[in-house]
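Coordinate inspection notes
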Amino acid sequence: MDLSVTSREQGGRTVVEVGGEIDVYTAPVLRERLNDLVGEGRHHLVVDMEKVDFLDSTGLGVLVGGLKRVRSHDGSLHLVCTQEKILKVFRITGLTKVFPIHSSVDDAVAASSGDSAS
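Keep in mind that what you see is a predicted model, and the values were worked out from it rather than measured.

Evaluation of the coordinates by the stated rule reveals 4 salt bridges. Ionic pairing is found between Glu 40 and Arg 42, a salt bridge with its closest N-O pair at 3.0 Å. Judged by its relative accessible area of 30%, Arg 42 falls in the partly exposed class.

Structure follows, in structure tokens:
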């Protein structure tokens, strides 16, 4: 399955909408998009994972890498995810303690507005 990655501005944050499977084959597409956004000076990201069907360790690595990259610019990376099968991956790996995970893009944008201004 393919991976779709689009981005838009909402509430002063960049929302990255991801759909499909994030695995060893497709993760480089997401990594490149996150790197490009940070390179453009967008340091407060909301990754909307509501349309993600599958996430493996490579995908987790890309998200952790993105988090490290935005944090190096005093930024933030919030996730939107309500699917139990995807949330389970974050729980098992302990990454629920690393990533703020929200039930909607609006919640994530509102929460991330409390992060330092870019």
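On we go.
On to the nonpolar core. Formed by 28 residues in total, the largest nonpolar core has its most connected members in Ile 22, Leu 30, Val 47, Met 49 and Phe 90. If we ignore the near neighbours within four places in the chain, the residues touching Leu 30 are Leu 3, Val 5, Val 16, Val 18, Ile 22, Val 62 and Leu 63. Counting 6 residues, the second largest nonpolar core, distinct from the first, contains Val 15, Val 46, Val 105 and Val 109.

Let's shift gears to unusual backbone geometry. Not every positive phi belongs to a glycine, and Asp 74 is a case in point at roughly 60°. Within the fold, Asp 74 resides in the loop between helix H2 (57-71) and strand E4 (76-80).

A few words now on the sheet that holds strand E1 (residues 3-10). One open sheet accounts for 5 strands, arranged E1-E2-E3-E4-E5; its pairing is mixed. Edge positions in the sheet fall to E1 and strand E5 (101-102), since each of these pairs with one other strand and no more. Two strands pair when backbone bridges link them, and E4 and E5 are joined in this way by 2 bridges, in the parallel orientation. Counted as the bridge partner of Val 80 is His 102 from E5.

This brings us to the UniProt feature "domain: STAS" (unreviewed entry) in the protein. The feature "domain: STAS" (unreviewed entry), as given by UniProt, occupies residues 3-112 in the numbering adopted here. Helix makes up 42% of residues 3-112 and strand 34%. Its end C-alpha atoms lie 25 Å apart.

Let us now look at the packing of helix H1 (residues 27-39) against H2. Two quantities define a packed helix pair, namely the angle between the axes and the distance from one axis to the other. Where H1 meets H2, the axes come as close as 9 Å, and the angle between the chain directions of the two elements is 10°. The orientation of H1 relative to H2 falls into the category roughly parallel. Of the residues in H2, those in contact with Ala 27, Leu 30, Arg 31, Leu 34, Asn 35 and Val 38 of H1 are Thr 58, Gly 59, Val 62, Leu 63, Gly 66, Arg 69 and Val 70. The residue inventory of the contact of H1 with H2, partitioned by class, reads 7 nonpolar, 4 polar and 2 charged.

Procedures and definitions
- Residues numbered from 1 in each chain as written.
- Predicted model: local features only at pLDDT ≥ 70, side-chain atom pairs only at ≥ 80, totals over all residues.
- Heavy atoms only, no water.
- Salt bridge = Lys/Arg side-chain N within 4 Å of Asp/Glu carboxyl O.
- Buried < 20%, exposed > 50% of the residue type's maximum accessible area, 1.4 Å probe, protein only.
- Core = buried A, V, L, I, M, F, W, Y, C linked by side-chain atoms within 4.5 Å.
- Contact = heavy atoms within 4.5 Å.
- Helix = DSSP H or I, 4+ residues; strand = E, 2+ residues; numbered from the N terminus.
- Pairing = 2+ DSSP bridges.
- UniProt positions renumbered as here; feature names shortened; annotations may be inferred.
- Axes fitted to C-alpha atoms, helices over the stretch in contact; angles between N-to-C directions.
- Parallel < 35°, antiparallel > 145°, perpendicular 65-115°, else oblique.
- Nonpolar A, V, L, I, M, F, W, Y, C, P; charged D, E, K, R; others polar.

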